[in-house]
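Single-letter residue listing:
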Amino acid sequence: MEQAEVSGIRDLGTGVAVGTSQGDLRADVAVVSTGTWLNRLVRPFGVRVPVQSGRGYSFSVPAAGAPARPTYLAGQKVVCTPLGDGRVRVAGMMELAPPERPVDPRRIQAIIAAARPLLRDVDWDARRDEWVGSRPCTADGLPLVGPTASPRVYVNGGHGMWGVALGPLTGRLLADAITTGTAPAELAALHPLR
Ligand SMILES: Cc1cc2nc3c(=O)[nH]c(=O)nc-3n(C[C@H](O)[C@H](O)[C@H](O)COP(=O)(O)OP(=O)(O)OC[C@H]3O[C@@H](n4cnc5c(N)ncnc54)[C@H](O)[C@@H]3O)c2cc1C
């Protein structure tokens, strides 16, 4: 079911009922992976580790003068990614703020100020596609992967800066745990009820 907002999950004892904006779903188990919005759905199942929004920003600029290959400006913590259409995406920043808050222009200016000394001939005023998105960050820096107080409700989230790289791996480990009933040892430190 796509484009459906989940309002809540109920443990029925034999399965789960998932309330959504497109009606109820029934299933054997539920895996909650709602990113920075994780806490609301899993708090009723005993998950207390806060997941906070660590927001990153990006925008695109015409490419003349910018790197032709993906480039990490390590000292500035800014990434330049060629988009293939003559523009380069410039990304960076870790802002602790609510996920719904709009783009803060001061953060864009901070990225420009950091990158400007290293990049020649970039028309910073011709930037487009200003964007902000949330990294789901846990209080202790480790993801939340595994069961909750309900044996039918699981969590996979809180990967912070590493969800693209680690999500497929923790997804596979969690699928193994659910289907075999035995949690792989790698998941011990990531238990959602820690
Ligand atoms: C600028 C930036 C650069 C990054 N670079 C990297 C990188 O180089 N490598 C890397 O590994 N990671 C990187 N990350 C981190 C990575 O993007 C995240 O860790 C990852 O996206 C988290 O995945 P997720 O599925 O847990 O959460 P999300 O991607 O946030 O997905 C959660 C989804 O749940 C949906 N949702 C929320 N609530 C509900 C609800 N009630 N009902 C239905 N749907 C709901 C949301 O709409 C969203 O689609 C970067 C992040 C940023 C912002």
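For the structure, check the block above.
What counts, and where the lines are drawn
- Residue positions within a chain follow its written sequence, with the count starting from 1.
- Local features in a predicted model are, by the rule used here, given only for residues with pLDDT of at least 70; side-chain atom pairs are given and counted only at 80 or more, and totals for whole chains, interfaces and linings are based on all residues.
- As a rule here, side-chain values come from all non-hydrogen atoms in the structure, and water together with hydrogens is ignored.
- For each residue, the test is whether any non-hydrogen atom lies within 4 Å of the molecule or strand; if one does, the residue is near.
- Here a polar contact means two N or O atoms within 3.5 Å. Within protein one must be a hydrogen donor candidate and the other an acceptor candidate, and residues neighboring in sequence count only if both atoms are side-chain atoms.
- Under the convention used here, a 1.4 Å probe and the Shrake-Rupley method define accessible areas, while residue burial counts only the protein chains that appear.
- Each residue gets one label: Ala, Val, Leu, Ile, Met, Phe, Trp, Tyr, Cys and Pro are nonpolar, Asp, Glu, Lys and Arg are charged, and the others, such as Gly, are polar.
- Helix numbering and strand numbering both begin at the N terminus, where a helix is a DSSP run of H or I of at least 4 residues and a strand a DSSP run of E of at least 2.
- We call two strands paired when DSSP finds no fewer than two bridges between them.
- To define axes, lines are fitted to C-alpha atoms, for helices over the stretch in contact only, and angles between the resulting N-to-C directions are given on a 0 to 180 degree scale.
- A contact between two residues is defined here by any heavy atoms of the two lying within 4.5 Å.
- Among the buried residues, those of types Ala, Val, Leu, Ile, Met, Phe, Trp, Tyr and Cys that are joined through side-chain atoms within 4.5 Å form a nonpolar core.
- Exposed residues in this analysis have more than 50% of their type's maximum accessible area, buried residues have under 20%, and partly exposed residues fall in between, with area computed by a 1.4 Å probe over protein chains only.

### Digging into the site of the ligand
Lining the immediate environment of the ligand, one finds 17 residues, of which Val6, Gly160, Met161, Gly163 and Ala165 sit closest. With respect to the ligand, the backbone of Gly163 contributes an N or O atom lying 2.9 Å from an oxygen atom. At 3.0 Å, a backbone N or O of Val164 approaches an oxygen atom of the ligand. Isolated, the ligand exposes 1,000 Å² of accessible area, and the fraction of that covered by the protein chains is 62%. In terms of residue class, the shell around the ligand is made up of 8 nonpolar, 6 polar and 3 charged.

### Here's the deal with unusual backbone geometry
Residues apart from glycine generally show negative phi values, whereas peptide bonds are mostly found in trans. In this model, Asp121 sits at a positive phi of 55°, which is unusual for a non-glycine residue. With respect to the element layout, Asp121 can be found in the loop between helix 2 (105-115) and strand 9 (128-138). A positive phi angle, close to 60°, is found at Asp129, a residue other than glycine.

### Brief notes about the pairing of strand 1 (residues 6-11)
Here 5 bridges tie strand 1 to strand 2 (residues 16-20), and the two strands are oriented antiparallel to one another. Across the sheet, the residue bridging to Ile9 is Val18, located in strand 2. In textbook terms, the turn of a hairpin is the stretch between consecutive antiparallel strands, and for strand 1 and strand 2 this stretch comprises 4 residues, one of which, Gly13, has a positive phi near 95°.

### With respect to the sheet that holds strand 1
Read from one edge of the open sheet, 3 strands run 1-2-3, paired in antiparallel fashion. Each end of this open sheet is capped by a strand with a single partner; those strands are strand 1 and strand 3 (23-27). The sheet shows a mean angle of 20° between the axes of neighbouring strands, taken without regard to direction.

### Some details on the sheet that holds strand 10 (residues 144-147)
Spatially, 3 strands are ordered 4-11-10 in an open sheet, and the strand pairing comes out mixed. Among the strands making up the open sheet, the edge pair consists of strand 4 (30-32) and strand 10. Strand-to-strand twist across the sheet, computed as the mean angle between neighbouring axes with direction ignored, equals 20°. Where strand 10 and strand 11 (residues 153-157) come together, 4 bridges link them in antiparallel fashion. The partner of Val145 across the bridge, within strand 11, is Asn156. Contacts from helix 3 (residues 163-180) reach strand 4, strand 10 and strand 11, with the element oriented near 165° to strand 11.

### Regarding the nonpolar core
Within the largest apolar cluster, 17 residues are counted, with the highest numbers of intra-cluster contacts made by Phe59, Val90 and Trp124. Only strand 5 (51-62), strand 7 (78-82), strand 8 (87-96) and helix 2 provide two or more residues apiece to this core. Looking at which element gives the most residues to this core, the answer is helix 2, with 4 residues. For Phe59, the contacting residues outside a window of four places in its chain are Val88, Arg89, Val90, Ile108, Ile111, Ile112, Trp124, Arg127, Arg128, Asp129 and Glu130.

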